[in-house]
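Descriptive analysis of the structure
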Amino acid sequence: MDKKIEQAEITSMLHSCFFGLEKAHNKLTGSGHKAVVPQVARMLPQILNVKGELRFDNDKTLDENLQDLQDYFNNPEFFEEVLIEKIDDNRYSFEIKGCFLAKTGVHSILKPDSNTCMLVYIIASMINIKTGKSLRISNSVFSELGTKTSIEIV
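Before going into details, it helps to say that this report is about the structure given with it. What you see is a predicted model; the values in this text were computed from it and never measured.

Thoughts on the overall build of the chain
When its secondary structure is counted, the chain shows 5 helices and 5 strands. Sequence-ordered secondary structure for the chain, helices as α and strands as β, is α-α-α-β-β-α-α-β-β-β. For 154 residues, the compact-globule estimate of 2.2 N^0.38 gives 15 Å, and the chain sits close to it at 16 Å. Projecting the C-alpha coordinates of the chain onto the three principal axes gives extents of approximately 50 × 35 × 30 Å. Across the 154 residues in the chain, those meeting the buried criterion constitute 38%. A separation threshold of at least 6 residues defines the contact pool for the chain, and within that pool the share at least 24 residues apart is 57%.

Points about the side chain of serine 125
Mapped onto the fold, serine 125 is located in helix α5 (residues 120-131). For serine 125, a relative accessible area of 0% gives the class buried. In this structure the side chain of serine 125 is engaged in a polar contact, spanning 2.6 Å, whose partner is the backbone oxygen of tyrosine 121. Excluding anything up to four places from it in sequence, serine 125 contacts Val37, Val40, Ala41 and Leu44.

What about the pairing of strand β2 (residues 91-99)?
For β2, the buried fraction is high: 7 of the 9 residues fall into the buried class. Between strand β1 (residues 79-88) and β2, which pair antiparallel and follow one another directly, the connecting turn spans 2 residues. Where β2 meets strand β5 (residues 147-153), 6 bridges bridge the pair, whose relative direction is antiparallel. Considered in β5, the bridge of phenylalanine 94 is made with threonine 149.

Let's talk about the pairing of β5
Residues Thr147, Thr149, Ile151 and Ile153 point to one face of β5 and are all buried, whereas Lys148, Ser150 and Glu152, pointing to the other face, are not buried. Taken together, the 3 bridges between strand β3 (residues 135-137) and β5 define a ladder with antiparallel strand orientation. Note on β5: the bridge partner recorded for leucine 135 is isoleucine 153. With 2 bridges joining them, strand β4 (residues 141-142) and β5 adopt antiparallel strand pairing. Considered in β5, the bridge of valine 141 is made with lysine 148.

Observations concerning the pattern of salt bridges
As enumerated under the stated definition, the model contains 7 salt bridges in all. For glutamate 81, the salt bridge goes to lysine 97, with nearest N and O atoms at 3.6 Å. One end of the pair, glutamate 81, is in strand β1; the other, lysine 97, is in strand β2, and 16 residues separate them in sequence. A residue is classified by how much of its surface remains accessible, and glutamate 81, at 31% relative accessible area, is partly exposed. Between aspartate 89 and lysine 86 there is a salt bridge, with the nearest N and O atoms lying 3.9 Å from each other. A relative accessible area of 39% means that lysine 86 is categorised as partly exposed. Residues joined by salt bridges that share partners form a network here, namely Asp63, Lys86 and Asp89.

Here's the deal with the nonpolar core
Ranked by size, the top nonpolar core spans 33 residues in total, and within it Leu66, Leu69, Phe94, Ile123 and Ile127 carry the most contacts. Where this core is concerned, the elements lending two or more residues are α2 (33-51), α3 (62-73), β1, β2, α5, β3 and β5. The element best represented in this core is α5, accounting for 7 residues.

Each value, and the rule that gives it
- Residues numbered from 1 in each chain as written.
- Predicted model: local features only at pLDDT ≥ 70, side-chain atom pairs only at ≥ 80, totals over all residues.
- Heavy atoms only, no water.
- Helix = DSSP H or I, 4+ residues; strand = E, 2+ residues; numbered from the N terminus.
- Rg over C-alpha atoms; globule rule 2.2 N^0.38 Å.
- Buried < 20%, exposed > 50% of the residue type's maximum accessible area, 1.4 Å probe, protein only.
- Contact = heavy atoms within 4.5 Å.
- Polar contact = N/O pair within 3.5 Å; in protein donor to acceptor, adjacent residues only side chain to side chain.
- Pairing = 2+ DSSP bridges.
- Salt bridge = Lys/Arg side-chain N within 4 Å of Asp/Glu carboxyl O.
- Core = buried A, V, L, I, M, F, W, Y, C linked by side-chain atoms within 4.5 Å.

Pasting the structure below:
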């Protein structure tokens, strides 16, 4: 075979696998994000710290770390705009506009209706690490080119 895998195909494969695993996990355990976020929160800093791509700073507040994440994600090569908004003391909104992953057509193809944007797990991990509390993550609202998700500290 002469054809080699391309970014759009990797994107579609990863989204398909992630959304499928998420639905299967929720169906099998019924525990949803309460079981997944703490594990991601334990694993994510290990790989990020080793690779040096992004560090969760223990000396900064939650809101400062979330601002750092927002600044980190706001790379026009990948996203038109990434917003992490504090709604109140226990709720945050995470929104991506013009996502390069969504531009591959993956949202239109998979039509996720009860799934979560994969990047929300990074934001949720930061919140879990800084607060030590459980979270309730709403299903993401997917558009053709982006997504919006609510995260609540419970």
